[in-house]
Amino acid sequence: AQKVTQAQTEISVVEKEDVTLDCVYETRDTTYYLFWYKQPPSGELVFLIRRNSFDEQNEISGRYSWNFQKSTSSFNFTITASQVVDSAVYFCALSDDQGGSEKLVFGKGTKLTVNP
Amino acid sequence: DAGVIQSPRHEVTEMGQEVTLRCKPISGHDYLFWYRQTMMRGLELLIYFNNNVPIDDSGMPEDRFSAKMPNASFSTLKIQPSEPRDSAVYFCASSLASTGGTDTQYFGPGTRLTVL
């Protein structure tokens, strides 16, 4: 069965610290897609990244980076030099053929608080 | 470009009343999704459409919930009669039809529903 686990319920850091949000997924498919979304206090869900299972290259976008490791079924998200505006709930999500190719299964989310 | 549009943004109603939530997907997108977010259950997919046709409604909680997509630019989620346990944030999302696997879902701002 497909499943996404975000073991960290809440994380609190001080501004300028680096922080890593963990995401572990379960799937029996060899073809699948992983996503990260950000939900700031205003409530909207903002797309951050989409990654397919055949692309294991790490990705960097500004202060954001993602580490995809198939060997450990993990797709972790790191924010470098965190800022107060990074405070949000971050969701990891999985889509594979088992669940219906367009369906996303979300983790429970990690609430990140960046303190000044 | 306009994103996914949802209305109303907030709805307060009394138990037993009919509630209709509305969504306009991003122009050109072929898939439309309805999600519900609660503290207890997180983000749950209720139903999704492809080219205006319902594909999977297995997440619809019960017969009180119904969804329609009469055309490519409009969808409704109706709850009749509403109950206090339906209180949640309801999100609509849309995505392109992709031959390259699951495409990115873009979310609307959500409708916060409170049933008294």
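Refer to the structure above for everything that follows.
The subject of this paragraph is the overall build of chain A. From N to C terminus, chain A includes zero helices and twelve strands. Secondary structure elements of chain A, listed N to C terminal, follow the sequence β-β-β-β-β-β-β-β-β-β-β-β. Relative to its length of 116 residues, chain A is compact, with a C-alpha radius of gyration of 14 Å against a globular reference of 13 Å. In terms of principal-axis extent, the alpha carbons of chain A reach across some 45 × 25 × 20 Å. Here chain A holds 116 residues, and the buried ones make up 47% of them. Looking at chain A as shown, the accessible area adds up to about 5,500 Å², and 48% of this sits on carbon and sulfur atoms. The positive charge centre, built from 11 side chains, and the negative charge centre, built from 15, are 3 Å apart in chain A.

Time to look at the overall build of chain B. The secondary structure content of chain B amounts to zero helices and eleven strands. Walking chain B from its N terminus toward its C terminus, one meets helices and strands in the order β-β-β-β-β-β-β-β-β-β-β. Scaling as 2.2 N^0.38, a compact globule of 116 residues should have a C-alpha radius of gyration of about 13 Å, and chain B matches this with 14 Å. Its C-alpha atoms give chain B principal-axis dimensions of about 45 × 30 × 25 Å. Of all 116 residues assigned to chain B, the portion counted as buried reaches 49%. Here the analysis covers contacts within chain B between residues at least 6 apart in sequence; of these, 54% occur between residues at least 24 apart. Element-wise, carbon and sulfur atoms account for 49% of the exposed surface of chain B, whose accessible area totals about 5,700 Å². If you average the places of the 10 positive and of the 13 negative side-chain charges in chain B, the two averages end up 4 Å apart.

In this complex, chain B contributes 23 residues to the contact, which on the side of chain A involves 17 residues. By the criterion of area lost to chain A, the three top residues of chain B are B:Leu43, B:Thr102 and B:Phe107, representing 34% of everything that side buries. The interface formed by chain B and chain A contains one salt bridge. Measuring nitrogen to oxygen at the nearest pair gives 2.8 Å for the salt bridge that ties A:Lys103 to B:Asp56. Across the chain B-chain A interface, the total number found is five residue pairs in polar contact (both at pLDDT 80 or more). Here the side of chain B that touches chain A is built from residues that sort into eleven nonpolar, nine polar and three charged.

A volume near 790 Å³ is recorded for the largest pocket. Surrounding the largest pocket, 32 residues form its lining, A:Gln39, A:Val89, A:Phe91, B:Gln37 and B:Met39 being those nearest its centre. Of all the secondary structure elements, the ones that give two or more residues to the lining of the largest pocket are β10 (88-96) and β12 (110-115) of chain A together with β4 (31-38), β5 (42-50), β9 (88-95) and β11 (111-115) of chain B. Top contributing element to the lining of the largest pocket by residue count: β12(A), with four residues.

Moving on to the nonpolar core. Within soluble globular proteins, side chains that are nonpolar generally end up buried alongside one another. Formed by 23 residues in total, the largest nonpolar core has its most connected members in A:Trp36, A:Phe77, A:Tyr90 and A:Leu112. For this core, the secondary structure elements donating two or more residues are β2 (10-14), β3 (19-21), β5 (32-39), β8 (64-69), β9 (74-79), β10 and β12 of chain A. In terms of residue count, β10(A) provides more of this core than any other element does, four residues in total. Not counting residues within four places of it along the chain, the set of residues in contact with A:Tyr90 comprises A:Gln6, A:Leu21, A:Trp36, A:Tyr37, A:Lys38, A:Leu48, A:Tyr64, A:Phe77, A:Ile79, A:Gly109, A:Thr110 and A:Leu112. B:Leu21, B:Ile26, B:Phe49 and B:Cys92 belong to the second-largest nonpolar core, a separate cluster that totals 21 residues.

Rules of the game
- Residues numbered from 1 in each chain as written.
- Chains lettered and ligands numbered in written order.
- Predicted model: local features only at pLDDT ≥ 70, side-chain atom pairs only at ≥ 80, totals over all residues.
- Heavy atoms only, no water.
- Helix = DSSP H or I, 4+ residues; strand = E, 2+ residues; numbered from the N terminus.
- Rg over C-alpha atoms; globule rule 2.2 N^0.38 Å.
- Buried < 20%, exposed > 50% of the residue type's maximum accessible area, 1.4 Å probe, protein only.
- Areas by Shrake-Rupley, 256 points an atom, 1.4 Å probe, with all protein chains shown as cover.
- Lys, Arg positive; Asp, Glu negative; His and termini not counted.
- Charge placed at Lys NZ, Arg CZ, Asp CG, Glu CD.
- Contact = heavy atoms within 4.5 Å.
- Buried area = accessible area lost by both parts, 1.4 Å probe.
- Salt bridge = Lys/Arg side-chain N within 4 Å of Asp/Glu carboxyl O.
- Polar contact = N/O pair within 3.5 Å; in protein donor to acceptor, adjacent residues only side chain to side chain.
- Nonpolar A, V, L, I, M, F, W, Y, C, P; charged D, E, K, R; others polar.
- 1 Å grid on protein atoms, 1.4 Å probe; cavity = no way out; pocket = protein on both sides within 12 Å on 5 of 7 lines; lining within 4 Å.
- Points joined across faces, edges and corners; volume = space filled by probe spheres on them.
- Core = buried A, V, L, I, M, F, W, Y, C linked by side-chain atoms within 4.5 Å.

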